[in-house]
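Chain and residue survey
Listed below, chain by chain, are the residues.
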Amino acid sequence: MQISDEKLWESCLTGNKEAFKEIYCRFYSLLYNYGSKLVSDQDLVKDCIQDIFIKLIQNYQSLSSTPNVRGYLLKALRNKLYDTLEKERTTDDISLYEETFITDELLPLLSFDDSDTDHRAKHLMKVFSELSPHQQEIIYLYYVNELKHEEIAEIMEINYQSSKNLLFRSLSKLRRLYLKNN
């Protein structure tokens, strides 16, 4: 029987290195995929994931309980990536570093006729790329990672209602762009 994420996290709070190792193994793929959607530099994503876990292990005494380990780690990675980019940036606009989300992971969530699949998929990718990075991110978090609005709000550092509103506006814009150009 697999130990729950929360119980494993509780073990991490005592400095249990095996618990940290298990958390790392459980969440590495999720963190890597999410980080890769935020920035195109794969090495930066890997480095930031490593840095997060090193910091967690070194500072385990100052960690607190969390009912949502996945959300905690996603938020930590997002913040670490943005902090790292902020230090390296040469312009005043961090949005220059934000990459677009790849829609390949969204396509299985949609049902298309086989004859139309290729055309519709390409069209969807085109209109999806026209959304802002935050709109792309919320659709990715909600539909691909299947996070709840509470978790998304925490990760994106917005309130619950803003998460719901952003998702609604993002889907409305996606639908409008899709139908307009179809």
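Look up: the structure comes first, before these words.
We now turn to the structure provided with this report. (Residues numbered from 1 in each chain as written. Predicted model: local features only at pLDDT ≥ 70, side-chain atom pairs only at ≥ 80, totals over all residues. Heavy atoms only, no water.)

1. Some details on the nonpolar core
The following threshold applies: Buried residues of nine kinds, namely Ala, Val, Leu, Ile, Met, Phe, Trp, Tyr and Cys, make up a nonpolar core once their side-chain atoms join them within 4.5 Å. When accessible area is computed with a 1.4 Å probe and restricted to protein chains, residues below 20% of their type maximum are described as buried, those above 50% as exposed, and intermediate ones as partly exposed. Numbered from the N terminus, helices here are DSSP runs of H or I no shorter than four residues, and strands are runs of E no shorter than two. Residue contacts are counted whenever heavy atoms from the two residues lie within 4.5 Å of one another.
In terms of nonpolar packing, the biggest core is built from 45 residues, with Ile23, Leu31, Tyr34, Leu56, Leu73, Leu77 and Leu81 touching the most fellow members. Elements represented by at least two residues in this core include exactly α1 (5-12), α2 (17-38), α3 (42-58), α4 (69-88), α5 (117-128), α6 (133-144), α7 (149-156) and α8 (160-180). Among the elements that take part in this core, α2 stands out by supplying 8 residues, more than any other. Here Ile23 is in contact with Asp5, Leu8, Trp9, Cys12, Phe53, Val69 and Leu73, once residues within four sequence places are set aside.

2. Notes on the packing of aromatic side chains
Put simply, the rule reads: Pairing of aromatic side chains here covers Phe, Tyr and the six-membered ring of Trp, requires ring centres within 6.5 Å, and sorts the geometry by plane angle: under 30 degrees stacked, over 60 edge-to-face, intermediate tilted.
On inspection of all chains with the given rule, the structure shows 6 aromatic pairs. Residues Tyr24 and Tyr28 carry aromatic rings whose centres are separated by 5.3 Å and whose planes lie at 45° to one another, so their mutual orientation is tilted. Remark: Tyr28 and Tyr24 occur in helix α2; sequence separation between them is 4 residues, near one turn of the helix. Ring centres 6.1 Å apart and planes at 15° place the aromatic pair Tyr28 and Tyr32 in the stacked group.

3. Looking at α7
α7 sits mainly inside the fold: 6 of its 8 residues count as buried. Taken as a whole, α7 has its buried residues at His149, Glu151, Ile152, Ala153, Ile155 and Met156. Residues of α7 that are buried sit in contact with α2, α4, α6 and α8. Remark: Glu157 follows α7 within two positions and exhibits a positive phi of approximately 55°.

4. Concerning α2
Put simply, the rule reads: Bend is computed residue by residue as the angle between axes fitted to the seven residues ending at the residue and the seven residues starting at it. The term polar contact refers here to a pair of N or O atoms within 3.5 Å; inside protein, the definition further demands a hydrogen-donor-capable atom paired with an acceptor-capable atom, and it admits residues adjacent in sequence only when both atoms are side-chain atoms.
Remark: the principal bend of α2, roughly 50°, maps to Phe27. If you check which residues of α2 are buried, you get Ala19, Phe20, Ile23, Arg26, Phe27, Leu30, Leu31, Tyr34, Gly35, Ser36, Lys37 and Leu38. Elements in contact with the buried residues of α2: α1, α3, α4, α6 and α7. N-cap assignment for α2: the residue whose side-chain oxygen lies 2.9 Å from the backbone N of Glu18 is Asn16.

5. A closer look at the pattern of salt bridges
Test applied: A carboxyl oxygen of Asp or Glu within 4 Å of a side-chain nitrogen of Lys or Arg is what we treat as a salt bridge.
Inspection of every chain in the model, using the stated rule, returns 6 salt bridges. Across the salt bridge formed by Asp5 and Arg26, the nearest N and O atoms sit 2.6 Å from each other. Pair noted here: Asp5 is in helix α1 and Arg26 is in helix α2, with a separation of 21 residues, a long-range link. The partner of Asp51 in a salt bridge is Lys80, with the nearest N and O atoms 3.8 Å apart. With Asp51 in helix α3 and Lys80 in helix α4, this pair connects stretches of sequence that are 29 residues apart. Counted as one network, the salt bridges with shared partners bring together Asp5, Glu22 and Arg26.

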